[in-house]
Amino acid sequence: MANFPKDFLFGVATSSYQIEGAVNEDGRTPSIWDTFSKIKGKTYNGDTGDIACDHYHRYKEDIGILKEIGVKAYRFSIAWPRIYPEKGKFNQKGMDFYKKLIDELLKNNIKPVATIYHWDLPQWAGDLGGWLNRDSIYWYSEYSQKLFKEIGDVVPMWITHNEPWCASILSYGIGEHAPGHKDYREALIAAHHILLSHGEAVKIFRDMNIKESQIGITLNLTPAYPATEKEEDYLAAKYADGFSNRWFLDPIFKGKYPVDMIELYKKEIGEFDFIKNEDLGIISQPIDFLGINFYSRSIVKYDENSLIKGEAVEGPGKKTDMGWEISPESLYDLLKRIDKEYTNMPIYITENGAAFKDIVNKDEVHDQERIEYVKEHLKYAIKFIEDGGNLKGYFLWSLLDNFEWAYGYSKRFGIVYVDFETQKRILKDSAIWYKEVINKNLIDN
Ligand SMILES: N#[N+]C[C@@H]1[C@@H](O)[C@H](O)[C@@H](O)[C@@H]2O[C@H]12
């Protein structure tokens, strides 16, 4: 048996484009994901977020489920295209949805945790170059300032960006996510502007002196391990760590990009002429907490022909339905490393969870593998806390089965099953198990 601290914050997480639907309602205009998901071949089965979980209309039902599970906090994201459907044009109706959502959460004594950007960039911004355009910083500043003004007093935790790595490298470099570009210079420019917009939003947040509220950022971090004891594989792991982790951690916490990665990237992308002198000082604005999304680790072997001198090899552990190795001990390694090398400020695991093939039997959904996955990760979370680690909360990904980006609806991460034909919700065994963990504030072995 392992106990959590009495004030440990148990939550669940979702994001706007993955659950809301109602893509043409109350003034919302398309995002880059509305556009991207309609391009043939970009998503599994041509799936889109047009309806998703219909959360825009069912949010009260879904908050009732949150209440039933007993979560203390709910991490959601705000759809920028609802708030600014056109450049510079605020949409009160879009804002009113989130005000109603937050009011309902507070009525149920659930802490709202708002992510400002979870990848659904307005298409009008995409048409102007998206995150490649340095003006994106100003568009984002206007958006975040308006949110702080409208709901800053009822949102105690703000997350500026969800997974800048995905919003830049996966989206502009690898091309799997919207807008689907495959250009690493673009990817690093986008990453820089996203980080810069984070810093500007933190400055705005501080200047507004919003009481009883904190601001941070959520990074997806993937610990990298060498495939063998060979020196070249250790080098490959170092570059993989730079690619996934240090490129974002260093500017935020050390006020500089990692030199080894700059040297490596220079050969591919040329000069870093998109970085202005004052930029790193803005990016490294002090924040109140770090959000970490953790799913798995990477194991790499040296590959002279790859940009980052390495290629992933399959790990020995069991896999989730995404093909990701289950490695809860890597979460502990990661937390210890962050604590030692970067910060001992409050950390929240803002996403952790797994896709598995659920066993649906009428009104029961059995997902023992998901229970085991979450249980093992929570055990290592407690181990870190017992070591003195400043881990303050855990948000399970996800509340509902939802639109899993390029995988469409083929991968189910929810602890609540969604029948997308009927929109019926069914609590999975994992939801019932999580309810007990929260209620007892401990993990049974
Ligand atoms: N894939 N996967 C699941 C999950 C995705 O659904 C979230 O939107 C992202 O923040 C993060 O990638 C993690």
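Refer to the preceding data block for the structure.
So, here's what we can say about the structure. (Residues numbered from 1 in each chain as written. Predicted model: local features only at pLDDT ≥ 70, side-chain atom pairs only at ≥ 80, totals over all residues. Heavy atoms only, no water.)

### Points about unusual backbone geometry
Applicable threshold: Numbering of helices and strands runs from the N terminus, with a helix taken as a DSSP run of H or I at least four residues long and a strand as a DSSP run of E at least two residues long. Here the term buried applies to any residue with accessible area under 20% of the maximum for its type, exposed to any over 50%, and partly exposed to those in between, with areas from a 1.4 Å probe on protein chains only.
The omega angle of the peptide bond from A178 to P179 is 10°, so this bond is cis rather than trans. Looking at the secondary structure, you find P179 in the loop between α8 (164-174) and α9 (184-207). A cis amide bond links W397 with the next residue in sequence, S398, at an omega value of 10°. Within the secondary structure, S398 sits in the loop between β14 (391-397) and β15 (416-419). Backbone geometry places E212, a non-glycine residue, at a positive phi of 55°. Checked against the element boundaries, E212 lands in the loop between α9 and β6 (214-220). Although it is not a glycine, K309 sits at a positive phi angle of roughly 60°. Taking relative accessible area as the criterion, K309 reaches 16% and is therefore assigned buried.

### A short note on the sheet that holds strand β7 (residues 224-226)
As a reminder of what qualifies: What makes two strands pair is DSSP finding at least two bridges between them. Axes, fitted as lines to C-alpha atoms, cover a helix only where it is in contact. Angles between the N-to-C directions of the axes lie from 0 to 180 degrees.
Judged by pairing direction, the sheet is mixed, and its three strands sit side by side in the order β7-β9-β10 without closing on themselves. Edge positions in the open sheet fall to β7 and β10 (310-313), since each of these has one partner strand only. On average, each strand axis in the sheet is inclined to that of its neighbour by 45°, with strand direction left out of account. Pairing analysis gives three bridges linking β7 to strand β9 (residues 298-302), with the strands arranged parallel. Considered in β9, the bridge of A224 is made with S298.

### Digging into empty space enclosed by the protein
Going by this rule: Method remark: on a 1 Å grid restricted to protein atoms, a set of points is classed as a cavity if a 1.4 Å probe fits but cannot get out and as a pocket if it is open with protein on both sides within 12 Å along at least five of seven lines; lining residues have an atom within 4 Å of a point. Grid points are joined across faces, edges and corners, and a volume is the space filled by probe spheres set on the points. Classification used: nonpolar for Ala, Val, Leu, Ile, Met, Phe, Trp, Tyr, Cys and Pro, charged for Asp, Glu, Lys and Arg, polar for all others including Gly.
Tallied over the full model, the rule gives two cavities of 30 Å³ or more. For the largest cavity, the full set of lining residues is I32, W33, Y117, W119, W131, C166, A167, S171, Y172, H177, A178 and P179. When residues of the lining of the largest cavity are traced back to their parent elements, those giving at least two are α2 (32-37) and α8. Broken down by element, the residue count for the lining of the largest cavity peaks at four residues, all from α8. Grouping the constituent residues of the lining of the largest cavity by class yields 10 nonpolar, two polar and no charged. Reported here for the second largest cavity is a volume of approximately 40 Å³. Lining the second largest cavity are S16, Y17, E20, G21, V23, R28, G49, A79, R82 and D120. When its residues are assigned to classes, the lining of the second largest cavity shows three nonpolar, three polar and four charged.

### A closer look at the packing of aromatic side chains
The condition that has to hold: Two rings from Phe, Tyr or Trp (for Trp, the six-membered ring) form a pair when their centres sit within 6.5 Å of each other. Planes less than 30 degrees apart are called stacked, planes more than 60 degrees apart edge-to-face, and all others tilted.
Tallying each qualifying case throughout the model produces 43 aromatic pairs. Relative to W139, the ring of W124 lies with its centre 5.6 Å away and its plane at 70°, an arrangement referred to as edge-to-face. Taken together, the positions of W124 in helix α6 (residues 123-127) and W139 in helix α7 (residues 136-151) put the pair 15 residues apart, joining distant regions of the chain. Summarising the burial analysis for this pair, W124 and W139 share the class buried. Taking 6.0 Å as the distance between ring centres and 75° as the angle between the ring planes, the aromatic pair formed by F403 and W405 counts as edge-to-face. Each member of the pair, F403 as well as W405, is classed as buried. An aromatic cluster of at least three residues, connected via ring pairs, comprises Y17, W33, F36, W119, F403, W405, Y409 and F420.

### Here's the deal with the pattern of salt bridges
What counts, and what does not: The salt bridge definition used is simple: a Lys or Arg side-chain nitrogen within 4 Å of an Asp or Glu carboxyl oxygen.
For the structure on display, the rule yields 36 salt bridges. For R297, the salt bridge is made with E325, and the minimal N-O distance between the two is 2.7 Å. Here E325 lies in the loop between β10 and α13 (328-341) and R297 lies in the loop between β8 (289-293) and β9, a separation of 28 residues in the sequence. Looking at E325, the relative accessible area reads 7%, which means it is buried. Connected through shared salt-bridge partners, K238, D241, R246, D260, R337 and E341 make up one network.

### Some thoughts on helix α11 (residues 259-269)
Keep this limit in mind: Starting at the helix axis, one direction is taken to each C-beta atom, and the arc is that of these directions. By definition, residues are in contact when any of their heavy atoms lie within 4.5 Å.
The set of residues buried in α11 consists of D260, M261, L264, Y265 and I269. Seen along its axis, α11 keeps its buried residues to an arc of 140°; they face one direction. Facing away from the buried surface of α11 by more than 90 degrees, the exposed residues are V259 and K267. Elements that come into contact with the buried residues of α11 comprise α9 and α10 (231-254). G270, located one to two residues past α11, shows a positive phi value of around 80°.

### Points about the packing of α8 against α10
How two helices pack is summed up by the angle between their axes together with the distance between the axes. What counts is decided by this rule: Orientation is classified from the angle alone, with under 35 degrees giving roughly parallel, over 145 giving roughly antiparallel, 65 to 115 giving roughly perpendicular, and any other angle giving oblique. Note on convention: the crossing is left-handed when the near helix lies turned anticlockwise from the far helix by less than a right angle, right-handed when the turn is clockwise.
The interhelical angle for the contact between α8 and α10, taken along N-to-C directions, is 125°, at an axis separation of 10 Å. Considered as vectors, α8 and α10 are oriented oblique to each other. For the element pair α8 and α10, the recorded crossing hand is right-handed. For the pair α8 and α10, the contacting residues are P164, W165, S168, I169 and I174 in the first and F243, S244 and F248 in the second.

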